[in-house]
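As a plain string of letters, each chain reads:
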Amino acid sequence: MNNKVDINQLLSSISGKPESERTLSLFDLAVLGIGAMIGTGILVLTGVVAATDAGPGVVVSFLIAALASGLIGMCYAELSTTIPNSGSAYVYAWVTMGQFVGFLAGWTLVGVYITTTATVANGWTGYFQSFLEELGVRLPHVLLTNPASGGWVNLPALVMTLLITFILSRGTSESKLLNNALVVIKIAIILLFIIVSAKDVNPTYWHPFFPYGGSGVMSGAAAVFFTFLGFDALATSAEDAKQVQKNLPRAIIISLLVSTTLYVVVSLVMTGVVTYKDLNVSEAMATVLLLKGHTLTAQIVSAGAILGIMAVVYAFVYAGANVTMAMSRGGLLPSAWAKLDERHQSPNRALWINGILAAALAGFVNLRNLALIANVGSLTVFALISLVVILLRRQHPNLKRPFKVPFGHTLPILSILICVLLLGNISLDAWLTYGAWLVAGVIFYFAYSRQKLM
């Protein structure tokens, strides 16, 4: 049950893909990472977390999450350049801790990507609804809201997720162009919001800066942490990356710097323009602009957010499918799920499995509950990634490491401690849901995966 992957055999199989077949440049990787990190966190959860957890102190929540992400990003950079495989945490854990732990890591990661995709899509509906209302179009409330909030289904989120999955099934070389365009649009509308709203900032709204105290700031950090999951989305793209050993670490650093800067500035502007109590809406940017009379800008921001958030869904459906495909190749999931489409060379079965499950959750589950569930899994995976760095160094000290986390084991250990601290600030309901997902995984492993590999 605890047998490990032969590291030399794994590395030889990875190096077999010719550079000419790799499609993602440094620019593409950076855009993929930024696209994954900037989305629901900045366009949706900034307002929700400010209103319910941290107040203006949401700025500090993002800085704490960014600090932890910087440490984790370095751990990802070391692992993804040492073992450039699309399986990410699943492969890293299997190499160092054995088959069962590797399966649980991959199972967790697939669950994280599905719930994160659903969270992003769920928040997207707020901007879609706001944009339509500005045009005089009102959809029935029951088709915009999940059952827990009094509706039937969040239909726009469900349909959009399936649409992005269809686009991805056409192949990465074609769909990456659309993704790059969507990310550029998203950054443009965020900058537009900052420029237009900056003159409306009233410092009195920043007092009190910590209305919910330090515990609120930490709860906020835990709530927004999954927005930095773009690190793993980059790691799962390793097999498609050009000059992977140079470009992946650079893309991770670029993504973190750009994302953190935008998160901090938007948080300051948003909580400085209106009282944080007015921000408990999914379309926070549009709401802030409308409250200050910037109707045209609000329409532009809503339209841009509609397109920009779709880039996050793109990144996470793609990453989740890559992990599913890697686990299928390893025999832990049905091998048919790893089959590539003959025409487009995309893992369509894995894509549709992830896309359909995410669409269903987006349509029927509450936004905040989805975010908290995604955070439990992502923090667990990030702590595991940091531990793997230490274990891999001890077990395979002579491996070629193009990038190495500095200061020995200090930073990986610090990364683990921060993840554990943030995990302690997540609700019991989220833990129970994650536990149920793990139990389902254990049952699947012993009923199928272990039997298949024996």
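Cut-off values and rules
- Each residue is numbered by its place in its chain's sequence as written, counting from 1.
- For this predicted model, a pLDDT threshold of at least 70 governs which residues receive local features, and a threshold of 80 or more governs which side-chain atom pairs are given and counted, while totals over whole chains, interfaces and linings are taken from all residues.
- Computation of side-chain values: all heavy atoms of the structure, hydrogens and water removed.
- Segments assigned H or I by DSSP are reported as helices when at least four residues long, segments assigned E as strands when at least two residues long, and all are numbered from the N terminus.
- Expected helix span is computed as 1.5 Å times (number of residues minus one).
- Bend, at a single residue, is the angle you get between axes fitted to the 7 residues ending at that residue and the 7 residues starting at it.
- The buried label applies to any residue whose accessible area, calculated with a 1.4 Å probe on protein chains only, is under 20% of its type's maximum; exposed applies above 50%, and partly exposed to all values in between.
- Salt bridges are counted wherever a side-chain nitrogen of Lys or Arg sits within 4 Å of a carboxyl oxygen of Asp or Glu.
- Two aromatic rings from Phe, Tyr or Trp, using only the six-membered ring of Trp, form a pair when their centres are within 6.5 Å; if the ring planes differ by under 30 degrees the pair is stacked, by over 60 it is edge-to-face, and anything between is tilted.
- Convention adopted: a line fitted to C-alpha atoms gives each axis, helices being fitted over their contacting stretch, and angles between N-to-C directions are expressed from 0 to 180 degrees.
- Note on terminology: angles under 35 degrees are roughly parallel, angles over 145 are roughly antiparallel, angles of 65 to 115 are roughly perpendicular, and the others are oblique.
- Working rule for contacts: check all heavy atoms of both residues, and any pair within 4.5 Å makes them a contact.
- For this scheme, ten residues count as nonpolar: Ala, Val, Leu, Ile, Met, Phe, Trp, Tyr, Cys and Pro. Four count as charged, namely Asp, Glu, Lys and Arg, and the remainder, Gly too, count as polar.
- We define the nonpolar core as a collection of buried residues of types Ala, Val, Leu, Ile, Met, Phe, Trp, Tyr and Cys that are connected through side-chain atoms lying within 4.5 Å of one another.

*Asks:* In this structure, what is going on with helix α13 (residues 295-329)? I would like to understand it.
*Replies:* For an α-helix, 3.6 residues make a turn, and residues three or four places apart therefore share a direction. Taking 1.5 Å of rise per residue, the 35 residues of α13 would be expected to cover 51 Å, and the 51 Å separating its terminal C-alpha atoms lies within 8% of that figure. Roughly 25° is the biggest bend found in α13, and it falls at Ala305. Extensive coverage of α13 is indicated by the burial of 28 of its 35 residues. A positive phi of about 90° marks Gly331, the residue just after α13.

*Asks:* Can you help me understand the pattern of salt bridges in this one?
*Replies:* Close approach of charged atoms allows side chains of opposite charge to pair. All chains considered together, the criterion is met by three salt bridges. Of the charged contacts in the structure, one is a salt bridge between Arg393 and Glu78, with a shortest N-O distance of 2.8 Å. You can see Arg393 sitting in helix α15 (residues 367-395) and its partner Glu78 sitting in helix α4 (residues 58-82), a full 315 residues away along the chain. Note on accessibility: Arg393 and Glu78 belong to one class, buried. With its nearest N and O atoms 3.4 Å apart, the salt bridge here joins Glu133 to Arg138. You can call Glu133 partly exposed: its relative accessible area is 32%. The structure contains a network of salt bridges with shared partners spanning Glu78, Arg393 and Arg401.

*Asks:* What exactly am I supposed to notice about the packing of aromatic side chains here?
*Replies:* Note on aromatic pairs: each is described by the distance of the centres and the angle between the planes. Within the structure shown, the criterion is met by 18 aromatic pairs. Ring centres of Trp107 and Trp437 lie 4.6 Å apart, and the angle between their planes is 20°; on these two criteria the pair is classed as stacked. Here Trp107 is found in helix α6 (residues 99-134), whereas its partner Trp437 is found in helix α17 (residues 428-453), with 330 residues between them in sequence. By relative accessible area, Trp437 is classed as partly exposed at 29%. For the pair Phe209 and Phe210, a centre-to-centre distance of 5.0 Å together with 85° between the ring planes defines the contact as edge-to-face. The exposure class assigned to Phe209 is partly exposed, which follows from its relative accessible area of 25%.

*Asks:* Help me out: how do you make sense of the packing of α4 against helix α11 (residues 244-273) in this one?
*Replies:* For any two helices packed against each other, the geometry is given by the interaxial angle and the distance between the axes. Relative orientation of the contacting elements α4 and α11 amounts to 175°, with a least axis distance of 10 Å. With respect to α11, the axis of α4 lies roughly antiparallel. Contacts from Val58, Val59, Phe62, Leu63, Ala66, Ser69, Gly70, Gly73, Tyr76, Ala77, Ser80 and Thr81 in α4 reach Val244, Gln245, Leu248, Pro249, Ile252, Leu256, Thr260, Tyr263, Val264, Ser267, Leu268 and Thr271 in α11. Considered class by class, the residues forming the contact of α4 with α11 number 15 nonpolar, nine polar and no charged.

*Asks:* Help me out: how do you make sense of the nonpolar core in this one?
*Replies:* A general feature of soluble globular proteins is that nonpolar side chains tend to end up buried together. In this structure, Ile42, Leu43, Tyr127, Ile190, Phe193 and Met285 are the most contacted members of the largest nonpolar core, which totals 139 residues. Here the element with the most residues in this core is α13; it accounts for 19 residues.

*Asks:* Looking at this structure, I do not really get the environment of Tyr314. What am I missing?
*Replies:* As for its position among the elements, Tyr314 is in helix α13. Taking relative accessible area as the criterion, Tyr314 reaches 6% and is therefore assigned buried. The sequence separation of Tyr314 and Asn179 amounts to 135 residues, and the corresponding C-alpha distance is 7.1 Å.

*Asks:* Hey, could you run me through α4 in this one?
*Replies:* For α4, which comprises 25 residues, the first-to-last C-alpha distance of 35 Å matches the rise-based estimate of 36 Å (1.5 Å per residue) to within 8%. Here α4 lies mainly inside the structure; 20 of its 25 residues are buried.

*Asks:* When you look at the environment of Val273 in this model, what are you seeing that I'm missing?
*Replies:* With respect to the helices and strands, the residue Val273 is situated in helix α11. Classification of Val273 as buried rests on a relative accessible area of 0%. Spatially, the C-alpha atoms of Val273 and Val244 are 43 Å apart, while their sequence positions differ by 29 residues. Excluding residues within four positions of it along the chain, Val273 makes contact with Ser197, Asp200, Val201, Tyr205, Val288 and Lys292.

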